[in-house]
Amino acid sequence: MSETELVVQVRGAYKRYGPNAVVLRGLNMTVERGTVYAFLGPSGCGKTTLLKCIVGRQHLDAGEILLEVQTKSDIGYMPQETALLEELTINETIAYYGRMFGMLAEDLSKRKKYLLGFLELPSGNRVIRDLSGGQARRVSLCIALLHDPKLLILDEPTVGVDPLLSHSIWQHLVELSMVQKKTIIITTHYIEEARQANKVGMMREGILLVEGNAPLIMEQYQCDTLEDVFLQLSHKQEGTQALEAKQAIENYPKPKVKPNLPLPEGKSFTLNHLISNLMKNIFFLKRSQITWFMLFFNPVIQCILFEMSVAEPKGLMLGWVNEEILYSDCNSFSNVTCFPSSCKYAAALNEENIGLIPYQDIHDAEIAVRKNRVWGYLHIHSNFTESLYTRIIKNKGVDDNILEQSVVAVSLDMSNQYIGNLLKKALTTSFFTYLDIVKADCHWQVDHIKTPLRFNDPVYGVKNPKFIDFSVIGVLLLIEFFLPVTYTLATLKDKLQGVQERNLVSGMTYLEILSGNAVVTLVIYAFQTFGMMCVLYGFYGHKIEGSIALALALIFLVGVSGMCFGYVIAVACDRDTTALYLALGTYVAITNLSGMFWPIEGMHYILRSVEWFLPLSLASNAFRSITARSWTLTHPVVYNGFLSVLFYIVFLCIIIYLIIKLKKRL
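Below you will find a few notes about this structure. (Residues numbered from 1 in each chain as written. Predicted model: local features only at pLDDT ≥ 70, side-chain atom pairs only at ≥ 80, totals over all residues. Heavy atoms only, no water.)

### Overview of the nonpolar core
Using the following cut-off: Residue types Ala, Val, Leu, Ile, Met, Phe, Trp, Tyr and Cys, when buried and joined through side-chain atoms within 4.5 Å, form a set referred to as a nonpolar core. Relative accessibility decides the category of a residue: with a 1.4 Å probe and only protein chains considered, values under 20% of the type maximum give buried, values over 50% give exposed, and everything between is partly exposed. Contacts: residue pairs with any heavy atoms within 4.5 Å of one another.
Core analysis: the largest hydrophobic core is formed by 124 residues, its most contacted members being Leu154, Val200, Met202 and Phe623. Beyond its immediate sequence surroundings of up to four residues, Met202 is in contact with Leu40, Ile207, Leu208, Leu209, Val210, Leu226, Val229, Phe230 and Leu233.

Below you can see the structure in the form of structure tokens.
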């Protein structure tokens, strides 16, 4: 047979996954044009690894693979797993791969009709997840045959298939090889069905034990079945296995350069591949109602819940031990009287929405605090009004007893810092209000005992800022960053189900896969951002004092950085649990270290030095400066925020590229 009639040649193939885990040991294999080559061997013997090397998904450590086909689109590949998107229907799956292979609509329709009938598939409207295992494998085989490839590589195509259909599939494969001169490599657990192949290769422990025509092999080893031949060869190998394994490790070849892949990568970007990837994402979203809800409504709901839950505390209660009116209450006194003046302070507290619960003594008030009935208590001395008046009139020269009796003693529960500080502020503000009241009603000259501070209108912001106005920026950017992360992890799902591997074998590149997902992610992200901005800045009235366009540009870049971070997780992780832990771990770290809910100035100086390496630290400060200070891109705080996000995007893209390159070399 001439050299040109050899479609697949494997020469001296070596591959291992660790120093002592040699999978292929100098394997040689030859597949002629127009033949069905049945590849036999137990699980773990290296069959799937060899097939992945042939289709260009793994590198050999040594040796070479020569293919007669020119491009990946000339190969029809059916992996061991079904490698199908469970959310798609049979028709959608066929349309997706038909577009990927660049098939014309008319040709695709004819091919689909033929394959659905030949493989006895159910209605094309059936969803993949609702199919039985055998039906799903037949759909997988349908995809491998769809574009009528020159070389078919089928990994266990008849597992779980009805015997009659299995016989029909074999007959079709034999017919393809004889009539259309297709070359077919097929692995199978069913040794005896391999007798229908033109050529059989038996593999064990990374070595091809024998290769040739099934009847000739049985005649050579004087056996009635291929199973007996394989058993005989396995016993023979068993005797020398330990020595061969040791020699394989000791004499393992170490070429300076790893062998090239048998097929070129091809174009890095084609329109058909991009469109097919968009179709797949649209089909997926259409079939997943929960995903629709989570993507479009959950962000808005989170913003509404944030606004409803992070409001200023109301209905705060304080204990009130007023010894001036020990056996009475403020209602018993005339509104125009200045005794007891402590009642005017109680009125000022009510204006600050602070409720007062009277207690007879300090002991009862203390118990109320410990039982969480009040957030603290105020103690008014029995001579408070007289002592305070004396202190005001005399100004100087009052004794310590007068000073002590003119003080409102405050004891607070400071276990909740925010509420404690809020009460401190309210008590202080209300006391100044109280002084203004007694000045107007009682004509006490109180100005000289007020604090010598005057707060003018702030340069930026408002006089009485609310925590929600500060934290809304952190919530917005945090959601904007992690929303794209959640959807880009759908790439990981394709990877775990084998869909990504199948696509890469079919000629699609990582750039096309990531680009298709990125387009859909950014469209979804735009709708999510619009919804959240309407809720936070439209309905709830948070203000953007500066450029809206600049704020939206920063939000967009934050989303892109989140998308890139999601892709890093997707390409780096091989398990969904690992991806989940990584995403949750970084969520906590970014939340704590980015200064979105607590000023960066409060961090340890070592943590402050890593601001540039976090995607949201400088960005949140820049966004706050745009929305609250009206600063423009010329201000260092703003352009440093933009630069930090751009740096993070570039850095993550480099990481993605390096991970992909590293995994392709494995």
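### Structural notes on the sheet that holds strand 3 (residues 36-40)
Here is the rule: Paired strands, as defined in this entry, are two strands with at least two bridges between them according to DSSP. Segments assigned H or I by DSSP are reported as helices when at least four residues long, segments assigned E as strands when at least two residues long, and all are numbered from the N terminus. Helix axes are fitted only over the stretch in contact, all axes being lines through C-alpha atoms; the angle between N-to-C directions runs from 0 to 180 degrees.
Here we have 6 strands laid out as an open sheet, ordered 5-6-7-3-8-9, and mixed in their pairing. Of all the strands in the sheet, the pair left with one neighbour each is strand 5 (75-78) and strand 9 (207-212). Ignoring strand direction, the axes of neighbouring strands in this sheet form an average angle of 15°. One ladder, built from 4 bridges, connects strand 3 with strand 8 (residues 199-204); its direction is parallel. Bridging across to strand 8, Tyr37 finds its partner in Lys199. Here helix 1 (residues 47-54) sits on the sheet in contact with strand 3, strand 5, strand 6 (151-155), strand 7 (183-188) and strand 8, set at roughly 150° to strand 6.

### Remarks on the state of the cysteines
Test applied: Criterion for a disulfide: a pair of cysteine sulfur atoms at a distance within 2.5 Å.
All told, the structure shown has 1 disulfide when counted by the stated rule. In this model, Cys338 is linked to Cys442 through a disulfide, with the two sulfur atoms separated by 1.7 Å. Taking the sign of the S-S torsion, -110° for the link of Cys338 and Cys442, the bridge is left-handed. Of this pair, Cys338 sits in the loop between strand 10 (316-322) and helix 11 (342-351) while Cys442 sits in helix 15 (residues 417-442); the two residues are 104 residues apart in sequence, bridging distant segments of the chain. Overall, the relative accessible area of 18% leaves Cys338 in the buried class. For Cys442, a relative accessible area of 13% puts it in the buried group. Its sulfur unpaired, Cys223 is 19 Å from the next cysteine sulfur, which belongs to Cys45. On the accessibility criterion, Cys223 (14% relative accessible area) is buried. Free cysteine: Cys653, not disulfide-bonded; nearest cysteine sulfur from Cys564 at 3.9 Å. Owing to a relative accessible area of 38%, Cys653 belongs among the partly exposed residues under this scheme.

### Some remarks on empty space enclosed by the protein
Filter applied, for reference: Points on a 1 Å grid, built from protein atoms alone, make a cavity when a 1.4 Å probe fits but cannot get out and make a pocket when they are open with protein on both sides within 12 Å along at least 5 of 7 lines; residues with an atom within 4 Å of a point are the lining residues. Grid points are joined across faces, edges and corners, and a volume is the space filled by probe spheres set on the points.
Under the defined criterion, the tally for this structure stands at 4 cavities of 30 Å³ or more. Roughly 70 Å³ of internal volume is contained in the largest cavity. As for the largest cavity, its lining consists of Leu85, Lys280, Asn281, Phe284, Tyr487, Ala490, Thr491, Lys493, Asp494 and Asn517. Those elements that place two or more of their residues in the lining of the largest cavity are helix 8 (271-287) and helix 17 (490-496). If one sorts the elements of the lining of the largest cavity by residue count, helix 17 sits on top with 4 residues.

### Quick notes on the packing of helix 11 against helix 15
Selection criterion: Put simply, angles under 35 degrees are roughly parallel, angles over 145 are roughly antiparallel, angles from 65 to 115 are roughly perpendicular, and the rest are oblique. Take the far helix as your reference; a near helix turned counterclockwise from it by less than a right angle gives a left-handed crossing, and one turned clockwise gives a right-handed crossing.
Contact geometry of helix 11 with helix 15 gives a least axis separation of 8 Å together with a crossing angle of 130°. Classified by the angle their axes make, helix 11 and helix 15 are oblique. In terms of crossing hand, the pair formed by helix 11 and helix 15 is right-handed. Along its contact with helix 11, which presents Lys344, Tyr345, Ala348, Leu349 and Glu351, the element helix 15 presents Leu427, Ser430, Phe431, Thr433, Tyr434, Ile437, Val438, Asp441 and Cys442.

### Remarks on the environment of Ile600
If you trace the backbone, Ile600 turns up in the loop between helix 21 (576-593) and helix 22 (605-608). Here the alpha-carbon distance between Ile600 and Thr491, two residues 109 residues apart in the chain, equals 34 Å. Not counting chain neighbours up to four residues away, the residues in contact with Ile600 comprise Ser594, Gly595, Arg608, Glu611 and Ser617.

### Section: the pairing of strand 2 (residues 22-32)
When you tally the buried positions in strand 2, you get 9 out of 11 residues, the bulk of the element. As judged from the 8 bridges shared by strand 1 (residues 6-16) and strand 2, these two strands associate in the antiparallel manner. In the sheet register, Val10 faces strand 2, and the bridge partner there is Met29. In this structure, the hairpin formed by strand 1 and strand 2 is closed by a connection of 5 residues.

### With respect to the sheet that holds strand 12 (residues 376-380)
Reading across the sheet, the 4 strands line up as 11-10-12-13 and stay open at both edges, with mixed pairing between neighbours. Whereas interior strands pair on both sides, the edge strands pair on one side only; in this sheet they are strand 11 (354-358) and strand 13 (409-412). Direction aside, the axes of adjacent strands within the sheet are offset by 25° on average. Where strand 12 and strand 13 come together, 4 bridges link them in antiparallel fashion. For Tyr377, the partnering residue across the bridge sits in strand 13 and is Ser411.

### Let's talk about the pattern of salt bridges
Pairing of side chains with opposite charge becomes possible as their charged atoms draw close. The criterion, for reference: One speaks of a salt bridge when a side-chain nitrogen belonging to Lys or Arg is within 4 Å of a carboxyl oxygen belonging to Asp or Glu.
By the definition in use, this model includes 14 salt bridges. A salt bridge links Glu92 to Lys286; the nearest nitrogen and oxygen atoms lie 3.0 Å apart. Taken together, the residues Glu92 in helix 2 (residues 90-100) and Lys286 in helix 8 connect sequence positions 194 residues apart. The closest approach of N and O atoms between Lys344 and Asp441, which form a salt bridge, is 3.3 Å. Highlighted residues: Lys344 in helix 11 and Asp441 in helix 15, separated in sequence by 97 residues. Residue class for Lys344 comes out buried when judged on its relative accessible area of 10%. Among the charged side chains, a salt-bridge network with shared partners connects Glu32, Lys199 and Glu211.

### With respect to the side chain of Arg25
Threshold: We treat Lys and Arg as the positive residues and Asp and Glu as the negative residues; His and chain ends play no part in the count. Counting of polar contacts relies on pairs of N or O atoms within 3.5 Å, with two restrictions inside protein: one atom must be capable of donating a hydrogen and the other of accepting it, and residues adjacent in sequence are counted only when both atoms are side-chain atoms.
Within the secondary structure layout, Arg25 lies in strand 2. Of the side chains bearing the opposite charge, Glu205 lies closest to the buried Arg25, which forms no salt bridge; the N-O distance is 4.1 Å. Within the structure, the side chain of Arg25 is placed 3.3 Å from the backbone oxygen of Glu205, a separation counted as a polar contact.

### Observations regarding a nonpolar patch on the surface
In plain terms, the rule: Residues enter patches when their relative accessible area tops 30% and they take part in no salt bridge; the joining distance is 9 Å for like charges and 5 Å for the nonpolar side chains Val, Leu, Ile, Met, Phe, Trp and Tyr. Computed with a 1.4 Å probe, the accessible areas rest on the Shrake-Rupley method; for each residue, only the protein chains presented here act as cover.
A cluster of nonpolar residues, Trp612, Phe613, Leu633, Tyr639, Leu643, Leu646, Phe647 and Phe651, forms a patch on the protein surface that exposes about 740 Å² of accessible area. Looking at the secondary structure, you find Phe651 in helix 24 (residues 636-665).

### Here we look at the packing of helix 2 against helix 3 (residues 105-118)
The line we're drawing: When residue character is reported, Ala, Val, Leu, Ile, Met, Phe, Trp, Tyr, Cys and Pro are called nonpolar, Asp, Glu, Lys and Arg charged, and the others, Gly included, polar.
In the contact formed by helix 2 and helix 3, the axes pass within 11 Å of each other and the chain directions differ by 135°. Judged by the inter-axis angle, helix 2 sits oblique to helix 3. Seen from above, helix 2 lies across helix 3 with right-handed handedness. Along its contact with helix 2, which presents Ile90, Asn91, Ile94, Ala95 and Gly98, the element helix 3 presents Leu108, Lys112 and Leu116. Here the contact of helix 2 with helix 3 is composed, by residue class, of 5 nonpolar, 2 polar and 1 charged.

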